[in-house]
Amino acid sequence: MEELIQNIIDDLTIELSVADANFNPDLLMSKVKSAVREVKDTRKYPSYYTQTMIDEDMNQFYSSIRDIALYDYNTVGAEFQTSHNENSVSRTWVDRNKLFDRVLPLAR
């Protein structure tokens with residue numbers, strides 16, 4: 001799982017350090033780890049799953065984890081905001097729950 005987390009952090013660091021003059025790597029790491037926990041919780045792994053099985057399964061959710069972490073990083077400071085309009089710039093975010101559409105719980 002650590003390799004997955006590091007790969008996502010590395011990829012997002014490249015993207016964000018170019019686009020964000022105030023890039024914060026510690027904040028990014030926190031958001032990636034939180035996204036991993038949320039996807040893992042959403043999958044609802046049964047007790048017989050080993051850590052190796054979980055790690056292998058989680059690798060298929062790279063894109064979802066990356067998107068969730070990026071979303072959370074980009075909305076820092078605007079938590080729970082439903083609308084924002086400043087100097088004729090209006091922002092609207094996709095519903096965060098839509099980012100979990102590709103992450104389904106395991107059938108039991």
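Residues numbered from 1 in each chain as written. Predicted model: local features only at pLDDT ≥ 70, side-chain atom pairs only at ≥ 80, totals over all residues. Heavy atoms only, no water.

Quick look at the overall build of the protein
Thought 1: If you tally the helices and strands in the protein, you get 4 helices and 2 strands.
Thought 2: Of the regular secondary structure in the protein, the N- to C-terminal order runs α-α-α-α-β-β.
Thought 3: Principal-axis analysis of the C-alpha atoms gives the protein an extent of 55 × 25 × 15 Å.
Thought 4: Considering the protein as a whole, with its 108 residues, one finds that 32% of them fall into the buried category. (Helix = DSSP H or I, 4+ residues; strand = E, 2+ residues; numbered from the N terminus. Buried < 20%, exposed > 50% of the residue type's maximum accessible area, 1.4 Å probe, protein only.)

Focus: the packing of helix H1 (residues 2-19) against helix H2 (residues 25-43)
Thought 1: Axis separation between H1 and H2 bottoms out at 10 Å; the angle between their running directions is 135°. On the basis of the axis angle, H1 is oblique to H2. For the crossing formed where H1 meets H2, the hand is right-handed. In this structure, H1 uses Ile5, Ile8, Ile9, Leu12, Thr13 and Leu16 to contact H2, whose residues at the interface are Leu28, Met29, Val32, Lys33 and Val36.
Thought 2: Of the residues contributing to the contact of H1 with H2, the split by class is 9 nonpolar, 1 polar and 1 charged. (Axes fitted to C-alpha atoms, helices over the stretch in contact; angles between N-to-C directions. Parallel < 35°, antiparallel > 145°, perpendicular 65-115°, else oblique. Left-handed = near helix turned anticlockwise from the far one by under 90°. Contact = heavy atoms within 4.5 Å. Nonpolar A, V, L, I, M, F, W, Y, C, P; charged D, E, K, R; others polar.)

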